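# What the coordinates show
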Amino acid sequence: MLLAQRRSIVDFFIQNIMLFITIVSIIPIILLWSYEVYGISIGVIIILLLATYTVITTTIGMVEALRNGQVGVDLLAVVAIISTVAVHEYWASWAIVLMIASGEAIENYAQSKAESNLIKLVQSAPQTAHIVSESDIANLNQTLEMTDFKTVDVAQVQKNDVLVVLPGEIVPVDGVLLSASAVVNNSAINGESLPVEVLSGKALLSGAVNGSTVFCMKATSVAKDSQYQRIIALVDTARNSRAPIVKTADIMALPFTVLSFAIAGIAWAVTGVPLRFAQVLVLATPCPLLISAPVACMAGTGRLARSGIIIKSQEILEELSRVTHVFFDKTGTLTKAKPEVIRVDLPEGETTQYSKNEILIYAGMLESYCVHILANGISSAAFAVLKSLQQEMSNNNTEIDGRDALSNQVSAEFKSIVQDFASVQVEQVKENSGDGVSGIINGHAIRVGRFAYATANEFGFQTVNKVTRFQELQADEMSAYVSIDGVLCGRIVLRDMPRKESSNTVEQLHALGIEQITMLTGDKKKSALTIAQQVGIDDVRYGLFPEDKVKAVQEVADSGVSMMVGDGVNDAPVLASANIGVAMTSGETTASSQTAQVVIMNDDISNVANAVIIARNTQRVLMQSIALGLGSAVICMLLAAFNFIPVVVGAFIQEIIDIVSILWALTAMREKD
């Protein structure tokens, strides 16, 4: 830590060498002021040397800025130095040199501070990868020393390469886990600090940090196409871009320069005192425009990044502050896209020897081996019920699901399953894509899936007639039927539930003055209206094809600032059609970031409102910093024109104005309640 601090001090000294030379020069200037060479004070000669060097380097920088299309208003500083020398105000000349040198140091500090959150993302990018041969994979499970791997630049990794990731290292590219399990931290991707366990065959995204165990993975993407590298590409684009308001500030600097010269010239002409010209110009500071504006924008961009929101360019930051209409996709955006169990239905008018909990747990044990859309919801609900029952039984409660577990054979068997779940035998699991899953659990033949599949015999013939045995499903409900030993026992009903943050986000957007909020979905009317009502959206467009969504968004894009929030590749066309396309993703999934201008990395829909809040705060801080700096400068120039501010004092006041306006611009980084 101490070494790093020393290195940081040395770097600061090297970057701002002129500042230190100017400060240290005050000692020989004072000591040698009374000594002359050819009738000129040595102290004055030192000041003239500093002034000449500053004028030359500043002029070169000004010309270079003009070549890059930026206004070179350092002309004010150059003329101020020349004018103070002309009227023999040498200490004022020294003060202006100090002001310019310290201004550069402040600018470097402010820019570095504003970019700090973005720099952290860039510095965390994976640089190398360890490639192993498939024959060495088995050795990894025995001892690391037995495995020979080759360390290469991450750009050399190819698809299907087998990689080893050591403890504490960053996952270099997107891939799938080959080892039995791994614990990774996705905080660099989605801001979630808690580690997560990944099982064999599951996806790993670049940027995740390995825990304490070596694991093996297979690359599914090359580096440039992997998740974290796409984030870095967005960050680099944002860092190198310039917001329209920053470009406007550059343009505004020109009339400010003209105004400054006008005040200085009038003061000289009216009073006939050349010193007044210098007095005014030393207070003419364009820093609130040239430095504060870009610093505030970069600080706001970094603040977004810290919240898990990456923008493609600073132009988007300004657009975000002016959003007038927000469109939401339904599935996976307003909802979780992970159907959850809401109830278990038993056949109406029939008795069954199995309780709802038994049906759910039997089904959940099979579904834990499957990957279809309903599997995770059923297995998660089953194991939640199982855990709850185990807790009840540990409290000596023999009642399970309203029946005495000791009163009949089935319940006694179920009780043994709950008590000793690890010993349950699950065999012959077979998933039939599109139909369901079957298997044997403790000798019972279980089927979970479509009605026809659950009720078919071993030869595929339906064993029961489909009669009205269950209530009709609602439009937004899905179901899986369960049969045990050839008898249809129940139906598990699931629903794609709204995210818990969705309604709060819609409410917050309304509170921000964004009244036009629309849900776009290809779902049927009843399902769409149900979700819309739950999250508080009144304007619902349902039954839409992708081209219909694009048309709906484009109608607004020409009259206001539209924002489209979605997820997945199927949202790419409509994201591209909006003024601002927002793609939501997480540390476990990728997003269509190629067409989106904003990527929410932590899959948190509340960040839609946060992005608007941060953008508006950034714009407010930016305008305050410009108004504060320019207003103070103009007032002080007028006071100097009437001889209320001496030239040397004016140079230091100008420095204070710069510091205050720049530091105020940095407040765009602060957390807001």
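Above this text is the structure in question.
Here the structure is a predicted model, which is why all the values come from computation and not from measurement.

We now examine the packing of helix α2 (residues 17-31) against helix α3 (residues 42-67). With their axes 9 Å apart at the nearest point, α2 and α3 run at an angle of 165° to one another. Of the possible angle classes, the one that applies to α2 and α3 is roughly antiparallel. For the pair α2 and α3, the crossing hand works out as left-handed. The segment α2 lies against α3, with M18, I21, S25, P28 and I29 engaging G43, I46, I47, L50, Y53 and T54. Looking at side-chain class alone, the contact of α2 with α3 contains 8 nonpolar, 3 polar and no charged residues.

We now examine the environment of M564. When you line up the elements, M564 lands in strand β24 (residues 562-566). Exposure remark for M564: the relative accessible area of 0% places this residue in the buried category. For M564 and A576, which are 12 residues apart along the polypeptide, the C-alpha to C-alpha distance reads 8.7 Å. Non-local contacts of M564, meaning those with residues more than four positions away in its chain, are made with F327, F328, D329, L520, V553, V574, L575, A578, I580, G581 and V582.

Across the 9 residues that make up strand β21 (residues 487-495), a large majority, 8, are buried. Bridge analysis of strand β14 (residues 340-345) against β21 gives 5 bridges, and the strand direction is antiparallel. Counted as the bridge partner of R343 is V493 from β21. Direction of pairing for strand β20 (residues 477-484) relative to β21: antiparallel, over a ladder of 8 bridges.

The description of two aromatic rings rests on the distance between their centres and on the angle between their planes. In this structure the tally under the stated criterion is 6 aromatic pairs. Here the aromatic rings of Y354 and Y362 are separated by 6.4 Å at their centres, their planes lie at 85°, and the arrangement is edge-to-face. When its relative accessible area of 5% is taken as the criterion, Y354 is described as buried. The class for Y362 is buried, based on a relative accessible area of 2%. Ring centres of F470 and Y481 lie 5.6 Å apart, and the angle between their planes is 65°; this geometry places the pair in the edge-to-face category. Of the two residues, F470 is situated in the loop between α17 (451-454) and β20 and Y481 in strand β20; the sequence distance between them amounts to 11 residues.

Attention now moves to the side chain of S321. One can find S321 in the loop between α12 (314-320) and β13 (325-329). Within the structure, S321 has its side chain in polar contact with the backbone oxygen of E318 (distance 2.6 Å). Not counting residues within four places of it along the chain, the set of residues in contact with S321 comprises A615, R616 and Q619.

Quick notes on the rules
Throughout, a residue's number is its position along its own chain's written sequence, starting from 1. Confidence filtering applies because this is a predicted model: local features only for residues at pLDDT of at least 70, side-chain atom pairs given and counted only at 80 or more, and all residues used for totals across whole chains, interfaces and linings. Working from all heavy atoms in the structure, the side-chain values ignore hydrogens and water. Every angle, taken between N-to-C directions, lies between 0 and 180 degrees, and every axis is a line fitted to C-alpha atoms, over only the stretch in contact when it is a helix. In DSSP terms, a helix is any run of H or I states spanning at least four residues, a strand is any run of E spanning at least two, and both are numbered starting from the N terminus. Roughly parallel covers angles under 35 degrees, roughly antiparallel covers those over 145, roughly perpendicular covers 65 to 115, and oblique covers all other angles. Two helices crossing with the near one rotated counterclockwise from the far one by less than a right angle form a left-handed crossing, whereas a clockwise rotation gives a right-handed crossing. In this analysis, two residues are considered to be in contact whenever any of their non-hydrogen atoms come within 4.5 Å of each other. Classification used: nonpolar for Ala, Val, Leu, Ile, Met, Phe, Trp, Tyr, Cys and Pro, charged for Asp, Glu, Lys and Arg, polar for all others including Gly. Categorising residues by exposure relies on relative accessible area from a 1.4 Å probe, with only protein chains included: less than 20% of the type maximum marks a residue as buried, more than 50% marks it as exposed, and the intermediate range marks it as partly exposed. What makes two strands pair is DSSP finding at least two bridges between them. Any pair of Phe, Tyr and Trp rings, taking the six-membered ring for Trp, is counted once the centres come within 6.5 Å. Such a pair is stacked with planes under 30 degrees apart, edge-to-face with planes over 60 apart, and tilted for the rest. Any pair of N or O atoms that falls within 3.5 Å is considered a polar contact. Within protein, one atom must be able to donate a hydrogen and the other to accept it, and sequence-neighbouring residues count only if both atoms are side-chain atoms.

Such coordinate-based values are descriptive only and should not be taken to indicate function.
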